Amino acid sequence: MVELEKISANIRYTLCDVSSKTSTPHLGSCLSCTDILSTLYWQVLNVEPQQPKSKDRDYFLLGKGHAASALYTTLAYRGYFPIEDLYQHGSDGSQFEEHPGIHAPAGVETVSGSLGHALSLASGMALSAKVQGLSNRFYVLMGDGEINEGTVWEAAMFAPAKQLNNLVAIVDFNKLQGTGESCEIMHLEPLDEKWRAFGWHTIRVNGHDHQALIEAFDAAQVQQQPVCIIADTIKGKGISFMENDNNWHYRIPTVDEVMMAKEELGLK
Amino acid sequence: MRNAFAAKLTELASNDDSIMLFYADIGNRLFNNLKEVAPTRTINAGIAEANMASMASGAAMMGHKPFIYTITPFTTARNFEQIKIDIAYQNQPVIIVGTGSGLSYANLGPTHHSFEDIALMRALPNMNIVCPADADELAILMPQLIALNAPCYFRIGKKNEPKVHSTLPALKFGQAYVMNPGKSVAILANGTIMPVAQQLHQELLQHGIEAELVSFHTVKPLDSTYLSNAASRFEHLITLEEHNVNGGFGSAVLEYYNEQCMAVNVHRFGIPDRFIDQVSSQHTARIKAGLDIDTIVNTLKSRQVL
C-alpha cells in the first residue's frame, strides 16, 4: 500500500499544481476521489495504457465530470500520456477540457459533465457485453451530488433487474456538493441501505483506505448482481486547509498554497 | 404503422445480431415476434426513458445497433439531454423511434401530443430526421437508417394510417419523392399528414392546377437539390406537417431558401403555436388546429394561390 499512497500523493500534488497554473476548479472534488482512482487504475482495472482501445479492457466511466482533472492526472501517472500534457488543461484546442469531451485523451471512455449519465451509459454497455458474451467489466464513479439526478435511480432499478454483475458503481460520498451539505440538500442516508434495497450488492468502505478499497473491488468480482461501493471520503482530502472546506469546490490555489500542499503530502 | 415497425424490426433483427430494441414499457404484445427471434435483444427498459436513451448509447458503444421506442414526447422531449449528449454529441448509431407522433394520440391530450419533436431534433448536430407517411414508407426507409450508422430520429404514426402509395415507392433516405409530377404549385408533405396533402392535390386539380405532390420524408438532411430546382420550377410551394408550424419541416424549407438568398413563396401549414386539447379524435384535432382541407384551401384562396 506504500506504493499506492505515494502515487496518490503525487497525483494530489499535480492536481493542485495544474489547478493553480491553469485555473482549473473543482480541486476538492478531485482530491476526494484520488484514492479510489489510484486503486482502480493500479490494482483493479484490466487496462493497458499503450493499447487504450484493447477489446478486452475494463471500462471506467467518470460520472462526476467536473472531477475530470483527477481522471486526466491518474491516466497520466498510469502512463497513458505525458504528465506535462496536463498543463494544457482548458486552453484553446486542448484535449483536456474542463469536462471531458469527444476529443478527450486516450483512456477517457465517454463524455462527461452533465451529471447522472454515466451509470446509464455503463448499464447499456454492461447489458450489451452480456448479450454478446463478452467479459469486460464496467466501473462508474459518481459523486454524492450527482446521485441527486433521477436518472441514477432509473439505472439503479434497471441494472439489478438484469443481473448486470459486470457493473460496479462507486459513490464518492464526500458529504459536500456544489453549494452545501449533501445530506441536508437531499435525504441521502442511509445511502448503503438505499442501494441495497434497490437490489445492489452494497459495500461501504473508507474511500481513502486503499486496502479496504481493494477488498471491496475483489468482493465485487464474485457477485451475482451489480455492486455498489459507497466510499466515505473527505472533500479536499490530503491537504489540511482544503479538507471539508467547500470553498475548494471552485477556489484556485495560489503558488504558496501549492507549496504548502506539497509539503503536507510529504513530497520534496 | 407501429405494427409495421415491429414486423420490419423482427425481420431485420433475425438477420442481424447487432440490432437491439429498448422500449419503455409500451406496446403490449407488439414485440412478441421480436422476442421470439431476439429474446436477449428485446429489452423492456421500464418507464425510464432518459435511462433508456443513455443505455442505448452505451450499447452502441459496445457494437450494438440499438433502437429506442416509445410514444413520441417521452422519447424526444423527456430524455432530450440524454439524446443531445449521449447519442448526438458522442455520435452513436441509435435510432430514436417516436410512435404516435403529432396528433396521432389526439384524444389522449397534450401530454401525448408532439408538435415540438422535429424542432428539438433539428437543433442537434449529427442527428438525421426521417418521417415516413405510411407503413410502406416506414418499411422501405428503416433498413436505410440502419445503414447510416449514425444518430437518427424516426417519427412514425400510430396504427391504420391510410396507405398513400398505390405501388411500393423507390424511396431513398435524404431524397424527396415525387408522387405526382406537376407544375406551378408543389405540395411538400412530411409524414403522416400525407392523406390531407393528397386531398389538397385533388382540390387543386379541380381548380385547374396540376400540382406536384411530394413525399418529403427526410427533414434532415434536407434535400437541397430538390428545393433548389423547385425554386425556379414553381410559383408556390406548400408545406404540410403535423408539427408546430414553427421549427419543423416548413421552417427548415424557409431557412434553406433564406440561406440561399432565394425568394420563394412558401406557404407553411402545421399546428399553430398553441396546445390542442378537448378533442376526441385526430380528425377533429386537425380541424381544431386548422390542419384540415377546408381551412387550408381557404387560406390558399386568401393568398391568391387558388
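A quick note: this is a predicted structure, and the numbers were derived from the prediction, not measured.

The rules behind each value
Residue numbers restart at each chain and count upward from 1, following the sequence in its written direction. Lettering for chains starts from A, numbering for ligands starts from 1, and both go in the order in which the items are written. Only residues with pLDDT of at least 70 are given local features in this predicted model, and only at 80 or more are side-chain atom pairs given and counted; all residues enter the totals for whole chains, interfaces and linings. The numbering of helices and of strands both runs from the N terminus, where a helix is a DSSP run of H or I of at least 4 residues and a strand a run of E of at least 2. Put simply, the radius of gyration uses C-alpha atoms, and a globule should come to 2.2 Å times the residue count raised to 0.38. Residues with at least 20 other C-beta atoms within 10 Å of their own are called buried, those with 12 or fewer are called exposed, and the rest are partly exposed. The C-beta atoms themselves are positioned from the backbone. UniProt positions are given in the numbering used here, feature names are shortened, and annotations may be inferred rather than shown by experiment. Here the rule is simple: two strands pair whenever DSSP picks up at least two bridges between them. By the criterion used throughout, residues are in contact when their C-beta atoms, derived from the backbone, lie within 7 Å. In this count, Pro and Cys sit with the nonpolar residues alongside Ala, Val, Leu, Ile, Met, Phe, Trp and Tyr, while Asp, Glu, Lys and Arg are called charged and the others, Gly among them, polar. Only C-alpha atoms enter the line fits that serve as axes; for helices the fit covers just the stretch in contact. Angles between N-to-C directions range over 0 to 180 degrees. By the definition adopted for this analysis, an angle is roughly parallel if under 35 degrees, roughly antiparallel if over 145, roughly perpendicular if from 65 to 115, and oblique otherwise. Here a nonpolar core is just a set of buried residues of the types Ala, Val, Leu, Ile, Met, Phe, Trp, Tyr and Cys, joined wherever their C-beta atoms sit within 7 Å. A clockwise course of the path from the first strand over the helix to the second, judged with the strands pointing away from the viewer, identifies a crossover as right-handed.

(A) Structural context of the overall build of chain B. Within chain B one finds twelve helices and twelve strands. In terms of overall dimensions, chain B is globule-like: its C-alpha atoms have a radius of gyration of 19 Å, near the 19 Å expected for 306 residues. Counting only C-alpha atoms and orienting by the principal axes, one finds that chain B spans roughly 55 × 40 × 35 Å. For chain B, buried positions account for 54% of its 306 residues.

(B) Looking closely at the UniProt feature "domain: Transketolase N-terminal" (unreviewed entry) in chain A. Cross-referencing UniProt, the feature "domain: Transketolase N-terminal" (unreviewed entry) maps to residues 8-267 of chain A in the present numbering. In residues 8-267 of chain A, the share of helix is 40% and the share of strand is 13%. The end C-alpha atoms are 11 Å apart.

(C) Structural context of the pairing of strand β2 (residues 138-143) of chain A. Residue and element names in this part refer to chain A. For β2, the tally of buried residues reaches six of six residues, placing the bulk of the element in the interior. Residues F138, V140 and M142 of β2 are buried on one face, and the alternating residues Y139, L141 and G143, pointing to the opposite face, are buried as well. Relative to β2, strand β1 (residues 59-62) runs parallel, the two being bridged by four bridges. Along β2, the bridge assignment pairs L62 with L141.

(D) Main features of the interface of chain B and chain A. Counting residues at the interface gives 23 residues for chain B, matched by 21 residues for chain A. Elements that contribute at least two residues to the side of chain B that touches chain A include exactly α3 (49-61) and α5 (80-89) of chain B. A per-element tally of the side of chain B that touches chain A places α3(B) first, with nine residues. Counted by class, the side of chain B that touches chain A contains ten nonpolar, ten polar and three charged residues.

(E) Inspection of the environment of B:V297 at higher detail. Counting through the fold element by element, B:V297 comes out in helix α12 (residues 293-302). Counting along the chain gives 286 residues from B:V297 to B:E11, while the straight-line C-alpha distance between them is 42 Å.

(F) Summary view of the sheet that holds strand β9 (residues 212-215) of chain B. Residues and elements named next belong to chain B. The five strands lie next to each other as β7-β9-β8-β11-β12, forming an open sheet whose pairing is mixed. On the outer flanks of this sheet lie β7 (177-180) and β12 (265-271), each paired with one strand and no other. In this sheet, adjacent strand axes meet at a mean angle of 25 degrees when their direction is disregarded. Relative to β12, strand β11 (residues 234-244) runs parallel, the two sharing six bridges. Each residue of the ladder has a partner; that of I238, found in β12, is H267.

(G) Examining the packing of helix α1 (residues 2-22) of chain A against helix α9 (residues 255-264) of chain A more closely. Residues and elements named next belong to chain A. At their nearest, the axes of α1 and α9 sit 9 Å apart, and the two run at 175 degrees to each other. Considering their axes alone, α1 and α9 lie roughly antiparallel with respect to each other. Along its contact with α1, which presents Y13, C16, D17 and S20, the element α9 presents V255, V258, A261 and K262.

(H) Broad picture of the UniProt feature "domain: Transketolase-like pyrimidine-binding" (unreviewed entry) in chain B. Mapped onto this structure's residue numbering, the UniProt feature "domain: Transketolase-like pyrimidine-binding" (unreviewed entry) falls at residues 1-163 of chain B. For residues 1-163 of chain B, the helix share is 42%, the strand share is 17%, and the end-to-end C-alpha distance is 10 Å.

(I) Looking closely at the nonpolar core. Membership of the largest hydrophobic core comes to 179 residues, with the highest contact counts inside it found for A:A122, A:V140, A:I229 and B:I187. Every residue in contact with A:I229, bar those within four places of it in the chain, is listed here: A:V168, A:I170, A:I203, A:V205, A:A216 and A:A220.

(J) Molecular detail of the pairing of β9(B). All names here are of chain B. Here β9 shows a buried face lined by E212 and V214 and a second buried face lined by L213 and S215. Note that β7 and β9 share three bridges and pair antiparallel. Bridged to V178 within β9 is V214. Of the strand pairs in this sheet, strand β8 (residues 184-190) and β9 are connected by four bridges, and their pairing is parallel. When the bridges of β9 are listed, I187 appears paired with L213. Regarding the hand of the β-α-β motif, the stretch spanning β8, helix α8 (residues 194-206) and β9 is right-handed.

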